[in-house]
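Commentary on secondary and tertiary structure
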Amino acid sequence: MSTTDDSYIVVENTANTKRISVKEKWWHILDNWKVGIIPLPLFLLAGALIGIDCLGGKLPSDIVVMVATLAFFGFACGEFGKRLPIIGKMGAAAICATFIPSALVHYGLLPDVVVASTTTFFKSTNILYLYICCIIVGSIMSMNRRTLIQGFLRIFFPMLCGEVAGMLVGMGVGLMLGMPPFQIFFFLILPIMAGGVGEGAIPLSIGYAALLHMEQGVALGRILPVVMLGGLTAIVIAGCLNRLGKRYPHLTGEGNLMPAKPGVQEGSDEEPLQAASGKTDVTTIAAGALLAVLLYMVGMLGYKLIGLPAPVGMLFIAVLIKLAHGVSPRMLEGSQVVYKFFQTSVTYPILFAVGVAITPWQELVNAFTLNNLLVIVSTVGTLVATGFLVGKKIGMYPIDVAIVSCCQSGQGGTGDVAILTAGNRMALMPFAQIATRIGGAINVSVALMVLGNFIL
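Quick caveat: nothing in here was measured; it's all calculated off a predicted structure. (Residues numbered from 1 in each chain as written. Predicted model: local features only at pLDDT ≥ 70, side-chain atom pairs only at ≥ 80, totals over all residues. Heavy atoms only, no water.)

**Digging into the overall build of the chain**
Filter applied, for reference: Strands are runs of DSSP state E lasting at least two residues, helices are runs of H or I lasting at least four, and both sets are numbered from the N terminus onward. Each residue gets one of three labels from its accessible area relative to the maximum for its type: buried under 20%, exposed over 50%, partly exposed in between, using a 1.4 Å probe on protein chains only. Note on contacts: a residue pair qualifies if any of its non-hydrogen atoms lie within 4.5 Å across the two residues. All accessible areas in this document rest on Shrake-Rupley with a 1.4 Å probe, and a residue is counted as covered only by the protein chains that are shown.
The number of helices and strands found in the chain is 20 helices and five strands. Looking at the 456 residues of the chain, the share that counts as buried comes to 50%. Pairs at least 24 residues apart make up 75% of the contacts formed inside the chain by residues separated by at least 6 positions. Carbon and sulfur atoms provide 67% of the accessible area of the chain, an area that totals close to 21000 Å².

Have a look at this one:
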């Protein structure tokens, strides 16, 4: 390679001599050299600008600056995880995007201004719920109606079988290790299947405080590490399942729970589902985003009226709209584009914010005792393996069912995002929300009722 002048680079080839302009070379760098989705020059520019703000002692928490900040750190952590040998293809990107920031905060390696601004932005905007509602509505609108109906009707059976098997195996392992049965069930197994932090660990700690006459903070301190370690185990298993699907494609629907009927293409109904063509009108995309937001607002109204969690209420309404042909094919396509945008562009920034704002590193470390680890891994592993086997037995794609089963032991909505990212199955978010929120709420309610009767 030699340079003839300031404007052109000459690439010598045995067949011919090709002249590439500096402009084209620059465009090639912008289009092909990337960290995550960010072109390398823009990534470096973002890092420099964030560094300048940090040196000035103040990083604004407004949405403009936070978009750049979360994208820079989120995709940097995700890219690092993807490039790790062996485990890079087993969900390490989602783990790194969530837990590296948590560790950096704990050890004081992330600038205080970044931590403060990220935490303020994440908690004040509730951006996680914007992400979840766009993912849920978009994935539902992208589904085959027949598959949607059959999936929701059938998914409960493998979930129930998985929970029963997981509880039995977890209890058995704990008893073999000489642990007290009460501690095994109420402080290890139940927190794993409680549905996360906000919907699971906190209600459990309140119930334990009232029934066991202990401080809520003490109860939460014992429960939260188990929830986090169970979620971490589920992320790793989901990544392994994704790799298994690459090796044995007949075991997975790549985001579909049910095989299509003979002669019916996946994603088609009585009328074909519009595939995102890349030429969708901007107003249609905006309408798809607004649809997701408005359905979430309806879910919030439902929460005020009957106490049903807003994401679950939104999910049911979206399903009804889909089944009733309540939106046009163009709006369906707009919802798909919104879904794909959030899936590819917002996931790792969101995971970084989760790691900084609400993932305490020390509590995760405290849970790493050998006995706890053995009980948690055996419980989650059995739950997922049972989902896999039962799903296969009843004619569903076993890997996709197993990844939904992973979400039964995740950290609520944030855990669903990390697990489905590791498993590369974000289209399963509606079923993951069912597993996490409804399954977790049932587990917590029943367990507290049993505990209350046991004590009385």
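**Some remarks on the packing of aromatic side chains**
Operational definition: Any two of the Phe, Tyr and Trp rings considered here, Trp counted by its six-membered ring, make a pair once their centres fall within 6.5 Å; the pair's planes then place it as stacked at under 30 degrees, edge-to-face at over 60, or tilted in between.
By the definition in use, this model includes 12 aromatic pairs. Measuring from ring centre to ring centre gives 5.0 Å for phenylalanine 187 and tyrosine 208, while their planes differ by 50°; the resulting arrangement is tilted. With phenylalanine 187 in helix H9 (residues 181-192) and tyrosine 208 in helix H10 (residues 197-212), the pair connects residues that are 21 residues apart, well separated along the chain. Accessibility expressed as a relative area gives 0% for tyrosine 208, which makes it buried. On the basis of an interplanar angle of 90° and a centroid distance of 5.5 Å, the ring pair of phenylalanine 341 and phenylalanine 342 is categorised as edge-to-face. Accessibility expressed as a relative area gives 46% for phenylalanine 341, which makes it partly exposed. Residue class for phenylalanine 342 comes out buried when judged on its relative accessible area of 13%. A connected cluster of aromatic rings, assembled from ring pairs, spans Phe182, Phe185, Phe186, Phe187 and Tyr208.

**Details of the pattern of salt bridges**
Quick reminder of the rule: Counted as salt bridges are all cases of a side-chain nitrogen of Lys or Arg within 4 Å of a carboxyl oxygen of Asp or Glu.
Using the criterion set out here, one finds three salt bridges in the structure. Across the salt bridge formed by arginine 83 and glutamate 79, the nearest N and O atoms sit 3.0 Å from each other. On the basis of relative accessible area, glutamate 79 is assigned to the buried category, the value being 16%. Each of Glu254, Asp400 and Arg425 takes part in a single network of salt bridges with overlapping partners.

**Observations regarding the confidence of the model for the chain**
The criterion, for reference: A residue's pLDDT is simply how confident the predictor is in it, with values from 0 to 100.
Per-residue pLDDT for the chain averages 83, and the proportion of residues at 70 or more is 88%. When pLDDT is averaged over each helix and strand of the chain, the minimum, 44, is found for strand S1 (residues 2-3) and the maximum, 94, for strand S5 (residues 38-39). Overall, residues 1-12 carries pLDDT values under 50, and its contacts beyond four positions in sequence, including any with other chains, amount to 27 contacts.

**A closer look at the packing of helix H17 (residues 370-393) against helix H18 (residues 398-406)**
Relative placement of two packed helices is described by the angle separating their axes and the distance separating the axes. To keep it simple, the criterion reads: Fitting a line to C-alpha atoms yields each axis, with helices limited to the stretch in contact; the angle taken between N-to-C directions then spans 0 to 180 degrees. Note on convention: the crossing is left-handed when the near helix lies turned anticlockwise from the far helix by less than a right angle, right-handed when the turn is clockwise. Ten residue types, Ala, Val, Leu, Ile, Met, Phe, Trp, Tyr, Cys and Pro, are classed as nonpolar, four, Asp, Glu, Lys and Arg, as charged, and the remainder, Gly among them, as polar.
Following both chains from N to C, one finds H17 and H18 inclined at 145°, their axes separated by 8 Å at the closest point. The handedness of the crossing between H17 and H18 is right-handed. Note on element contacts: H18 touches H17 through Pro398, Ile399, Val401, Ala402, Ser405 and Cys406, opposite Leu383, Val384, Gly387, Phe388, Gly391 and Lys392. In terms of residue class, the contact of H17 with H18 is built from eight nonpolar, three polar and one charged.

**Observations concerning unusual backbone geometry**
Located in the positive-phi region is glutamate 254, a residue other than glycine, with phi close to 50°. Mapped onto the elements of the fold, glutamate 254 is located in the loop between helix H11 (216-247) and helix H12 (282-306). By relative accessible area, which is 43% here, glutamate 254 ends up partly exposed. Notably, asparagine 424 is not glycine yet its phi reads approximately 55°, a positive angle. Take asparagine 424: its relative accessible area is 40%, and that puts it in the partly exposed class.

**Some points on the nonpolar core**
Put simply, the test is: Each nonpolar core is a collection of buried residues, namely Ala, Val, Leu, Ile, Met, Phe, Trp, Tyr and Cys, held together in the definition by side-chain atoms within 4.5 Å.
With 126 residues, the main nonpolar core has Tyr131, Tyr208 and Leu257 as its most contacted residues. For this core, the element with the highest residue contribution is H11, accounting for 12 residues.

**So, the side chain of serine 117**
Stated precisely, the cut-off is as follows: Polar contacts, as counted here, are pairs of nitrogen or oxygen atoms within 3.5 Å of one another; within protein the pair requires one atom able to donate a hydrogen and one able to accept it, and residues that are adjacent in sequence qualify only if both atoms are side-chain atoms.
Note that serine 117 resides in helix H5 (residues 112-125). At a separation of 3.0 Å, a polar atom in the side chain of serine 117 contacts the main-chain carbonyl oxygen of valine 113. Serine 117 has contacts with Leu59, Pro60, Ser61 and Met66, leaving out every residue within four places of it along the chain.

**Let's talk about the environment of leucine 104**
By secondary structure assignment, the location of leucine 104 is in helix H4 (residues 92-106). Judged by its relative accessible area of 25%, leucine 104 falls in the partly exposed class. As a C-alpha pair, leucine 104 and glycine 355 span 251 residues in sequence and 9.4 Å in three-dimensional space. Look past the residues within four positions of leucine 104 in its chain and what remains in contact with it is Leu109 and Leu110.

**A look at a nonpolar patch on the surface**
Basically, it comes down to this: Each patch is built from residues lacking any salt bridge and having more than 30% relative accessible area; the joining distance is 9 Å for like charges and 5 Å for nonpolar side chains (Val, Leu, Ile, Met, Phe, Trp, Tyr).
A cluster of nonpolar side chains, contributed by Leu130, Leu290, Val293, Leu294, Met297 and Met300, occupies part of the molecular surface with about 500 Å² of accessible area. For the nonpolar patch, the element with the most residues is H12, which contributes five residues. You can see valine 293 is positioned in helix H12.

**Looking at the packing of helix H6 (residues 127-142) against H12**
The condition is simple: When describing relative orientation, an angle under 35 degrees is termed roughly parallel and one over 145 degrees roughly antiparallel, while 65 to 115 degrees is termed roughly perpendicular and anything else oblique.
Interaxial distance between H6 and H12 falls to 9 Å at its minimum, and their mutual angle equals 110°. The orientation of H6 relative to H12 falls into the category roughly perpendicular. In the crossing of H6 with H12, the sense of the turn from one axis to the other is right-handed. Taking contact as the criterion, the partners of Tyr129, Leu130, Cys133, Cys134, Val137 and Met141 in H6 are, on H12, Leu291, Ala292, Val293, Leu295 and Tyr296. By residue class, the composition of the contact of H6 with H12 is 11 nonpolar, no polar and no charged.

**Overview of the environment of histidine 250**
By the element assignment, histidine 250 lies in the loop between H11 and H12. Distance in space between the C-alpha atoms of histidine 250 and proline 398 is 9.6 Å, their sequence separation being 148 residues.

**Quick look at the side chain of threonine 252**
Checked against the element boundaries, threonine 252 lands in the loop between H11 and H12. From its side chain, threonine 252 meets the backbone nitrogen of glutamate 254 in a polar contact 2.9 Å long. Within the structure, the side chain of threonine 252 is placed 2.9 Å from the side chain of arginine 425, a separation counted as a polar contact. Contact partners of threonine 252, with chain neighbours within four places excluded, come to Gly245, Tyr397, Ile399, Asp400 and Arg425.

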